[in-house]
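Structural overview
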Amino acid sequence: MSVQPQPIIPAVPQYLKGFVKQVLSGDSIIIRGVPKRGPPPERQLNLSSISAPRLARRPGGNVKIEDSKDEPWAWEAREFMRKKLVGKEVWFAIDYKVPASGREYGVVLLGRDAHTAENITEAIISAGLATVRKEGKSDVSALVELEEAAKSAGKGKWGPDPPESHVRNITWSLENPRSLLEKFGRKPVQAVVEHVRDGSTIRVLLLPSFHYVTVMISGIRCPGFKVDSEGKPDPSTTEAFAEEAKFFTEIRLLQSDVEVALESVNNQSFVGSVIHPNGNIAELLLRDGFARCIDWSMGFVSGGAEPLRTAEKVAKEKKLRLWKDYQANQASGLDSLKPKDKDFVGTVVECINADALVVKLQDGTLKKVFLASIRPPRQETIQEKLAEGQTKEAPAPKEARPKGFRPLYDIPFMYEAREYMRKKLIGKKVQVSVDYIQPTSNNFPEKIGCTVKSDGVNIGEALLTKGLATVIRYRQDDDQRASDYDTLLAAEAKAQKALKGLHGKDTPTHHVIDITGDAAKAKQFLPYFQRAGKLPAVVEYVASGSRLRVYVPREARLITLLLAGISCPRAGRTVPGGSASMEAEPFGDEALAFTKDVCHQREVEIEVDSIDKAGNFIGFIFIEGKNLSVALVDEGLASVHFSAEKTPYFRPLQIAEDNAKARREKIWMNYEDTKDDVKPEDDKAERKYEPKKVIVTEVTNELHIFVQFTDHGAKLEALTSDIRRELAEKPPLTGAYTPKKGDLCVARFSADNEWYRAKIEKVEKDQVHVLYIDYGNREVIKSSRCAVLPSVPGASDQGFAKEYTLGFVSLPSDPDYAQEAIYALKHDTQEGNFLLNIEYRNGGIEYVSLAVEESKADIAQNLVKEGLLMVENRKERRLQKLVKDFKTAESEAKMKHLNIWQYGDITEDDAREFGMSNRN
């Protein structure tokens, strides 16, 4: 006969103190001690002499099917104990211990003083949620009396409710977890934390639906536990701080009432945020160095990523736990930048593929910047996409790039991404914030990673939202990333969910044919281009001031276009191989810069005229109606080629060249005027006198005058009225227009604050030099006082103010006398009508005589007679009578010693005393 082991019963109860960690059932709890340098010891204690209904257990392993359901009132008993004890400090005493199982039975008291504290065993019996076990040797008479009282009162399990109404219907597993996610729609759900697997993974019971689910806390990851062959944690492979992180979460969440927002699904687990009344557990774990931020789930976080990143940053700075060996990344390069170089505003002049921009700063310098943490479409990504469905043992082979491979057109979605950036950004101002600087490595140049915004829109985020780029993934300890990295991840996730762009099934193709340098193909397309007239195109590359590579979308053709009608200086360039370079011709680099600034990556119109032997097309480019060839000539960056005579644009080119020569612009800086050489056509016997009635609107310091023809007055008034009415009905937005040199716009004249047509001559930061083309006067105004020219009939016509120069006269060399002469000319011409006659031309400039309409008195002759102007000699026979009149007037002023002649003949002084030549 075997002897059964007897329970070990202490002689006198010894009360100990501890904290209730968990309630296993209505009669069983786990008590822990006070933590000292790590998680504290724990012990399970069963309440003596009572039995509570058995709680359901999660099916699996050795758990029977019948054990996966509650006994009636088991949940109520557990909840009674949980709400009363979890997290509370209690007194407990061991009544006895069963040697075979090691189970300890005893009593638990809740209160500060063990003598007056509440007996938990008596409390649950009184609530009718447990029964008294009478088979033991202990005196249970007091418990029996409490049980009978509960029965008499109909409490708990002794009440009238049917037992089956107090059994939970628990959903232990889900076939389709995403259906539950869609049901709750990321809204907070009441739950009880039933188990803590590790610091960032918990199992919760959703209420009141009783779904038992595993939740991975979104945005973070704590050190975890690896399991052995039996599915139990293996202590030998536990990550550092795993136990501490688990305990940190347990003492705050285990069996606590929380709110759970289910945000995504990862296999059979959910990803979500857990909110406790005392705060967000994810932030607490990060701030104390028990967790790291993880990128793949950061985009799901309901409350945003910034609080989590901030909490992690605090732990890094304090080097807490996981970050004890953390060293701040010193390679970002931001510390070496000045504040003005970290955040700046510039104008986009080029979009490179889909992740880089060239920005022109206010001082005119160019800076290449990359979109931070953005990866453009790649050929490898597309190949992997096309290879979906193949086994891992047989991955899709990576094909070598064929000859003539053009990433912009041949990598799917690269062109769409570049086009989105080009249309949105070229010529627009952007705000740039430098996030990091990636140093030179492995023959790769330095990269400046930036957040670029246009009108408040993050360009990187916009690309990701449309599925035209992906986010670069980093190591967890790599801080070189975009400042709003989590926003980028969320945008990418949104595009993935919507199957947009790179994440969709459709892959676009662009069959672009490059006929650059292919003479045979160029000859085939020449007739079509000639018949088509003006064709829309995009300038893809500018090789020099007059040589451009152009993409024609209608025909999907890439061509090289040489500007017709001009000769442009060659820009400097590196010869193929990079071993040597060719020096630029004078003003060649300036011409290149001008053309790039005007039309690079902009939508233009091309008009093809012919081709050369190499297969390059020759023609004209128009940007917003302006002929690029004429613009280059007008800037003094090109000269008119003899072939221009056969084109319809010869006259505008000739006028532009004459104007550039007169201003001594750039290539004409050393141009010598040959006005004293009389051409045969100028040496006519009779002077041609065909005066036109004008009013003088402006006099310049160079003795030039601007006039309006009186018969144009009504037309000017009507046009001005139409423009102002249009602007009144559709007021321009301040700052919406970006002035550019050569633009025709409207500007507010400072004297009367009214709108007038103007041409922009120069731009210096926010100061704009304008010429009012209908009046000839100039002024410098703020860019905010300029606006786009309204689209009314005649708005883009030539200005009504025509510029001329007074003939036969010149200003004295003394600046005071010269200023007095200009003042007198302004005074004499400020009122009344005048008769203007063109006397001769020189260097594209027309020289005129100007007479008062009523008296026919010549304005210039009167000024000469007053000793304010000097006479210029002309050799044309047809002008000799007029020259003689001017000479007579000058002699009269000399005799009277008027103004410039008051001390005698200054021309003789120059010659005899100072060795200077006579003035003609």
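Quick caveat, the model's predicted, so the values are computed rather than measured. Counting of residues starts from 1 at the beginning of each chain's written sequence and follows it residue by residue. Local features in this predicted model are restricted to residues of pLDDT 70 or higher, and side-chain atom pairs are both shown and tallied only at a pLDDT of 80 or more, whereas totals for entire chains, interfaces and linings draw on every residue. The basis for every side-chain value is the complete set of heavy atoms in the structure, and neither hydrogens nor water enter the calculation.

1. Details of the overall build of the chain
Secondary structure summary: the chain contains 23 helices and 47 strands in total. Based on the C-alpha atoms only, the size of the chain along its principal axes is roughly 155 × 65 × 55 Å. Think of it in three bands: residues with accessible area under 20% of the maximum for their type are buried, residues over 50% are exposed, and the middle band is partly exposed, with areas taken using a 1.4 Å probe on protein chains only. Looking at the chain residue by residue over its 920 residues, the buried ones come to 46%. A fraction of 62% describes how many contacts in the chain between residues 6 or more apart in sequence connect residues 24 or more apart. Of the accessible surface of the chain, which amounts to about 49,200 Å², a share of 49% is contributed by carbon and sulfur atoms. Positive: Lys, Arg. Negative: Asp, Glu. His and the chain ends are not part of the count. Charge placement uses NZ in Lys and CZ in Arg. For Asp and Glu, CG and CD serve respectively. Of the side-chain charges in the chain, 133 are positive and 135 negative, and the distance between the mean point of each set is 5 Å. Put simply, DSSP H or I for four residues or longer makes a helix, DSSP E for two residues or longer makes a strand, and each gets a number counted from the N terminus. Any pair of residues with heavy atoms lying within 4.5 Å of one another is described as a contacting pair. Computed with the Shrake-Rupley method and a 1.4 Å probe, the accessible areas treat only the protein chains shown as cover for residues.

2. Notes on the sheet that holds strand β46 (residues 845–852)
A pair of strands is treated as paired once DSSP finds two or more bridges between them. Taken together, the 5 strands give a closed barrel; going around it, the order is β36-β37-β43-β46-β45, and neighbouring strands pair in mixed fashion. Put simply, the sheet's adjacent strands are angled 55° from each other on average, direction ignored. Of the pairings in the sheet, the one linking strand β43 (residues 802–806) to β46 comprises 2 bridges and is parallel in character. From the neighbouring strand, Leu-806 faces β46, where its bridge partner is Val-848. To obtain an axis, a line is fitted to C-alpha atoms, over the contacting stretch when the element is a helix, and the angle between two such axes runs from 0 to 180 degrees between their N-to-C directions. Packed onto the sheet, helix α20 (residues 815–829) meets β36 (692–699), β37 (704–709), β43, β45 (834–842) and β46 and runs at close to 135° relative to β36.

3. Here's the deal with the packing of aromatic side chains
Two aromatic rings from Phe, Tyr or Trp, using only the six-membered ring of Trp, form a pair when their centres are within 6.5 Å; if the ring planes differ by under 30 degrees the pair is stacked, by over 60 it is edge-to-face, and anything between is tilted. According to the stated counting rule, one finds 22 aromatic pairs in the structure shown. Geometrically, the ring pair formed by Trp-75 and Phe-210 is edge-to-face, given 5.7 Å between the ring centres and 85° between the ring planes. Here the residue Trp-75 occupies a position in helix α1 (residues 74–85), and Phe-210 occupies one in the loop between β10 (201–206) and β11 (211–217), the gap between them amounting to 135 residues. What makes Trp-75 buried here is its relative accessible area of 11%. Residue Phe-210 is classed as buried on the basis of its relative accessible area, which comes to 17%. An angle of 45° between the planes, with centres 5.0 Å apart, marks the rings of Phe-248 and Phe-290 as tilted. One end of the pair, Phe-248, is in helix α5 (residues 242–253); the other, Phe-290, is in the loop between α6 (281–287) and β16 (292–293), with 42 residues separating them in the sequence. By the burial criterion, Phe-248 is buried, and Phe-290 matches it. These aromatic residues form a ring-pair network of at least three members: Phe-525, Tyr-528, Phe-529 and Phe-617. The ring of Phe-370 carries Lys-447 above its face, with NZ or CZ at 4.7 Å from the centroid. Here, a charge over a ring means that NZ of Lys or CZ of Arg falls within 6 Å of the ring centre while also lying within 35 degrees of the ring normal. Just above the ring of Phe-622 sits the side chain of Lys-534; from NZ or CZ to the centre is 4.0 Å.

4. Some thoughts on the UniProt feature "domain: Tudor" (unreviewed entry) in the chain
UniProt positions are given in the numbering used here, feature names are shortened, and annotations may be inferred rather than shown by experiment. Residues annotated by UniProt as "domain: Tudor" (unreviewed entry) correspond here to residues 738–796. When the span residues 738–796 is considered, its composition is 0% helix and 47% strand, and the gap between its end C-alpha atoms is 18 Å.

5. Some remarks on the domain arrangement of the chain
Source of the domain bounds: an automatic or database domain assignment. Parsing the chain into structural domains produces domain 1 (16–166), domain 2 (177–323), domain 3 (330–386 + 420–503) and domain 4 (513–574 + 583–668). Taking only C-alpha atoms into account, the centre of domain 3 sits 33 Å from that of domain 4. If you look at the interface, domain 3 gives 8 residues, while domain 4 gives 6 residues. Of the roughly 630 Å² buried at the junction of domain 3 and domain 4 (both faces included), carbon and sulfur atoms supply 38%. Contact with domain 4 buries surface across domain 3, with Glu-350, Arg-422 and Ile-426 losing the most and accounting together for 60% of the total. Whenever a carboxyl oxygen of Asp or Glu lies within 4 Å of a side-chain nitrogen of Lys or Arg, that contact is scored as a salt bridge. Summed over the shared surface of domain 3 and domain 4, the result is 2 salt bridges. Whenever a nitrogen or oxygen atom comes within 3.5 Å of another N or O atom, the pair is scored as a polar contact, on the condition that within protein one atom can donate a hydrogen and the other can accept it, and that pairs from neighbouring residues in sequence are kept only if both atoms are in side chains. Linking domain 3 to domain 4 there are 3 residue pairs in polar contact (both at pLDDT 80 or more). The element that contributes the greatest number of residues to the side of domain 3 that touches domain 4 is strand β17 (residues 343–352), accounting for 3 residues. Residues belonging to the side of domain 3 that touches domain 4 are distributed by class as follows: 3 nonpolar, 1 polar and 4 charged. Here's the idea: put two parts together, see how much 1.4 Å probe accessible area each one loses, and the total over both is what we call buried area. In this classification, the charged set is Asp, Glu, Lys and Arg, the nonpolar set is Ala, Val, Leu, Ile, Met, Phe, Trp, Tyr, Cys and Pro, and all remaining amino acids, among them Gly, are polar.

6. What to know about the side chain of Gln-255
Note that Gln-255 resides in the loop between α5 and β13 (257–266). At a separation of 2.6 Å, a polar atom in the side chain of Gln-255 contacts the main-chain amide nitrogen of Val-23. Among all residues touching Gln-255, those that are not within four sequence positions of it are Gln-22, Val-23, Arg-78, Arg-82, Val-86, Val-192, Val-193 and Glu-194.

7. Topic: the nonpolar core
The biggest cluster of nonpolar side chains holds 87 residues, and the ones touching the most others in it are Val-204, Leu-206, Val-215, Leu-262, Val-274, Leu-357 and Met-421. Element by element, the count of residues in this core is highest for helix α12 (residues 414–425), at 6 residues. Excluding its chain neighbours within four sequence positions, the residues that come into contact with Leu-206 are Leu-180, Phe-184, Val-189, Gln-190, Ala-191, His-211, Val-213 and Leu-262. Grouped together as the second largest cluster of nonpolar side chains are 38 residues, Ala-522, Leu-548, Val-552 and Cys-568 included. Joining through side-chain atoms within 4.5 Å is the link that ties buried Ala, Val, Leu, Ile, Met, Phe, Trp, Tyr and Cys residues into a set, and such a set is a nonpolar core.

8. Considering the state of the cysteines
The criterion for a disulfide is a pair of cysteine sulfur atoms lying within 2.5 Å. All chains considered together, the criterion is met by 0 disulfides. No disulfide involves Cys-568; its sulfur sits 11 Å from the nearest other cysteine sulfur, which is in Cys-599.

9. Some thoughts on the environment of Glu-461
The residue Glu-461 is located in helix α13 (residues 459–465) in this model. Assessed through its relative accessible area of 28%, Glu-461 is described here as partly exposed. Between the C-alpha atom of Glu-461 and that of Lys-318, which follows or precedes it by 143 residues, the distance is 32 Å.

10. Looking at the pairing of strand β14 (residues 269–276)
Where burial is concerned, most of β14 is hidden: 7 out of the 8 residues are buried. Direction of pairing for β13 relative to β14: antiparallel, over a ladder of 7 bridges. The residue bridging Val-265 from the neighbouring strand is Phe-270, located in β14. Where β13 hands over to β14, the hairpin turn is made up of 2 residues, of which Asn-267 adopts a positive phi near 60°. Of the strand pairs in this sheet, β14 and strand β15 (residues 279–280) are connected by 2 bridges, and their pairing is antiparallel. Among the inter-strand pairings, Ile-275 is bridged to a residue of β15, identified as Asn-280.

11. Quick look at the side chain of Thr-720
The topology assignment puts Thr-720 in helix α19 (residues 713–729). Polar side-chain contacts of Thr-720 include one of 2.9 Å to the backbone oxygen of Leu-716.

12. Considerations on unusual backbone geometry
The omega torsion of the bond from Leu-207 to Pro-208 falls at 0°, within 30 degrees of zero and hence cis. For Pro-208, the position within the fold is in the loop between β10 and β11. Here the phi dihedral of Lys-666 falls at roughly 45°; this positive angle occurs in a residue that is not glycine. For Lys-666, the position within the fold is in the loop between α18 (650–663) and β36. The backbone of Lys-856 shows a phi angle near 65°, a positive value even though the residue is not glycine. Within the secondary structure, Lys-856 sits in the loop between β46 and α21 (859–865).

13. Description of helix α3 (residues 141–153)
By this rule, a helix spans an expected 1.5 Å times one less than how many residues it contains. The terminal C-alpha atoms of α3, which comprises 13 residues, lie 19 Å apart, in line with the 18 Å expected from a rise of 1.5 Å per residue. By the burial criterion, the buried members of α3 are Leu-143, Glu-147 and Ala-150. Buried residues of α3 fall within an arc of 60° about the axis and therefore sit on the same side. Exposed side of α3, more than 90 degrees from the buried face: Glu-145, Ser-152 and Ala-153 are the residues found there. The directions considered for the arc run from the helix axis to the C-beta atoms.

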